[in-house]
Amino acid sequence: MKTRAEYNILDFLKDDSFLRSVLLLTDDDVEFWDNYVLENPEKKQEIEAAKQLLSSMTFDDETYSEQEKLELLEHVNDQVKSIRRHRLYVGFYKIFTAACVVALLSVGVYSFFAPFTSDNQVATIEKNRSNFEKDTRLVIAGERTIPLEEGDDVLYGGGEATISSINQQDERYAVDVNDSKVEYNELIVPKGRRASHLVLEDGSKVWVNSGSTFRFPTTFEKNKREVYVDGEIYIEIAKDAERPFFVKTSEMSVRALGTRFNVMAYPEEMEAAVTLVHGKVGVQTDHRQQILQPDEQYVYQTTTRRGTVRKVDVSQYVDWKDGILNFDSMPLEELTRRLGRWYDVDFFFVAEELKTLKYSGAFKKYNDIRYVLNIIEEITNVQFVLNERTIVVNRK
């Protein structure tokens, strides 16, 4: 019998304690699995993948009793066991398991994407739950939602937001600025959407990558400029010696006066990184500060809470803003995570050793995902099996 330290995604979905921790939030189970991740950091990605499948479910507390909830959990287990007995081949477990979870929708469980939450200021980013859920969108002061087409530019300042589109006239939206308190706007770029471009009121330029939320005030304060990111941005900061610029994530604070750099801080990643293209920045983490020079990258390990500085080819980390995924000796696991955000798909590996295979090359975002996968298949011993938005990575 497997120990929990040997679990894969399917094993997590079959574990009663894990199911209770995600779906019922029972205190003992939640505490157990929190400690499990601390003791087994190499399992964090698989834990998050299993949670992702389950977190699309929630219970209406006014409708279901605790007994009924437990019965639903038993139903998940029964379906997973049945799939295992009748599987076609290794690797499709995970696709069918996801289907079982979705099948529960027919018995009254409703689906939504869980919002990003945390205890600090960055955690106040909440994903808008309007009809524009899959659209790139600008949310003004948490009240008005403006859907954006791919290729639209946003110019913000002077009490209005201007949407510049290639195919139509500019659209202008008035912004009410509250002088008595700081209010925030959000530029949200879902997975599968192209990077969006924004010019802030001070002239700073921001590119927001797929699967990211960029949060900025309706007006900057007099003595500083602060913005927040959940995901990845590239930013060119307008010089203003009187007002330093801060980019904040859940783990880092980056200070700059006038410079160009990239910040990557996706919550599902075990690493956060700041890559400096031009100028100078200071990166603050856990009461420690690191000064970066051009062509340097600061990498922060979220599990060990330690950071390192290394020399890099910055083009690999900033070309995404031009619609290019550029990579050199990148492990397949990292490459598929990036492709997953770009194309809004999920990858599942049949064998752990496939994750460490390394690749070099470049893809344009407008290439179909099948084109990209075919290129990888041609030069390596891996095979991709597509089932709608789920892709299984297997040996040939």
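That block above? That's the structure.
What counts and how
Residues numbered from 1 in each chain as written. Predicted model: local features only at pLDDT ≥ 70, side-chain atom pairs only at ≥ 80, totals over all residues. Heavy atoms only, no water. Buried < 20%, exposed > 50% of the residue type's maximum accessible area, 1.4 Å probe, protein only. Helix = DSSP H or I, 4+ residues; strand = E, 2+ residues; numbered from the N terminus. Pairing = 2+ DSSP bridges. Phe/Tyr/Trp six-rings, centres within 6.5 Å; stacked < 30°, edge-to-face > 60°. Lys NZ or Arg CZ within 6 Å of the ring centre and 35° of its normal. Axes fitted to C-alpha atoms, helices over the stretch in contact; angles between N-to-C directions. Parallel < 35°, antiparallel > 145°, perpendicular 65-115°, else oblique. Left-handed = near helix turned anticlockwise from the far one by under 90°. Contact = heavy atoms within 4.5 Å. Nonpolar A, V, L, I, M, F, W, Y, C, P; charged D, E, K, R; others polar. Expected span 1.5 Å × (residues − 1). Arc of directions from axis to C-beta. Salt bridge = Lys/Arg side-chain N within 4 Å of Asp/Glu carboxyl O.

Time to look at the pairing of strand β17 (residues 281–285). Note on strand geometry: in a regular strand, side chains alternate between the two faces of the sheet. Burial runs high along β17: 4 of the 5 residues are buried. Bridge count between strand β14 (residues 253–256) and β17: 3 bridges; the pairing is antiparallel. Considered in β17, the bridge of V254 is made with V283. Linking β17 to strand β18 (residues 288–292), which pair antiparallel, is a turn of 2 residues; within it D286 sits at a positive phi near 50°.

What follows is about the packing of aromatic side chains. Under the definition given, this model contains 14 aromatic pairs. Seen in terms of ring centroids, F12 and Y36 are 5.9 Å apart; in terms of plane orientation they differ by 85°. Their pairing is edge-to-face. Residue F12 is located in helix α1 (residues 9–14), and its partner Y36 is located in helix α3 (residues 27–39); the two are separated by 24 residues in the primary sequence. Under the relative-accessibility criterion, F12 is labelled buried at 0%. Relative to F245, the ring of F220 has its centre 5.9 Å away and its plane inclined at 65°; by these criteria the two rings are edge-to-face. Here F245 lies in strand β13 (residues 245–248) and F220 lies in the loop between β11 (212–217) and β12 (225–236), a separation of 25 residues in the sequence. Residue F220 shares its accessibility class with F245, and that shared class is buried. The structure contains a cluster of three or more aromatic residues connected by ring pairs, namely Y7, F12, F18, F32, W33 and Y36. The residue whose ring lies beneath R215 is Y184, and the NZ or CZ to ring-centre distance is 3.9 Å. Seen from the ring of W207, K321 lies directly overhead, with NZ or CZ sitting 5.0 Å from the centre.

By the criterion of burial, strand β3 (residues 136–140) is predominantly enclosed, with 5 of the 5 residues buried. Side chains of β3 alternate between two faces, with T136, L138 and I140 and R137 and V139 buried alike. Bridge count between β3 and strand β4 (residues 144–148): 5 bridges; the pairing is antiparallel. Bridging from a neighbouring strand, T136 pairs with L148 of β4.

As a further point, take the packing of helix α8 (residues 332–343) against helix α9 (residues 369–379). Contact geometry for α8 and α9: axes closest at 11 Å, N-to-C directions at 165°. The orientation of α8 with respect to α9, classified from their angle, is roughly antiparallel. The hand of the α8/α9 crossing is right-handed. Across from L335, L339 and Y343 in α8, the residues of α9 making contact are I369, V372 and I376. Of the residues assigned to the contact of α8 with α9, the class counts are 6 nonpolar, no polar and no charged.

A separate point is α3. The terminal C-alpha atoms of α3, which comprises 13 residues, lie 18 Å apart, in line with the 18 Å expected from a rise of 1.5 Å per residue. Those residues of α3 that sit buried are D29, W33 and Y36. End-on view of α3: buried residues confined to an arc of 50°, all on one side of the axis. Of the exposed residues in α3, those oriented more than 90 degrees away from the buried face are D27, D28, L38 and E39.

Okay, the environment of V382 next. Summarising the element assignment, V382 is placed in strand β24 (residues 382–387). On the accessibility criterion, V382 (0% relative accessible area) is buried. Along the backbone, V382 and R395 are 13 residues apart, and their C-alpha atoms lie at a distance of 4.5 Å. The contact partners of V382, leaving out residues within four places of it in the chain, are L332, L354, L357, Y359, I376, E377, N394 and K396.

Let's shift gears to unusual backbone geometry. Peptide bonds are mostly trans, and most non-glycine residues show a negative phi. At D295, a position not held by glycine, the phi torsion is positive, near 70°. Note that D295 resides in the loop between β18 and β19 (296–301). D295 gets classed as partly exposed once you look at its relative accessible area, which sits at 34%. One non-glycine residue, S329, lies in positive phi territory at about 50°. Along the chain, the position of S329 falls in strand β21 (residues 324–331).

The 3 strands are arranged β22-β25-β24 in an open sheet whose pairing can be described as mixed. At either margin of the open sheet sits one strand with a lone partner, and together these are β22 (346–349) and β24. Sheet twist, expressed as the average angle between the axes of neighbouring strands with direction ignored, equals 25°. Each of β22, β24 and β25 (390–395) touches α8; the most contacted strand, β22, lies at about 155° to it.

To continue, consider the pattern of salt bridges. All told, the structure shown has 23 salt bridges when counted by the stated rule. Two residues, R389 and D344, come together in a salt bridge whose shortest N-O distance is 3.1 Å. Of the two residues, R389 sits in the loop between β24 and β25 while D344 sits in the loop between α8 and β22, which places them 45 residues apart along the sequence. On the basis of relative accessible area, R389 is assigned to the partly exposed category, the value being 38%.

So far we have only geometry, and geometry alone does not tell us how the molecule works.
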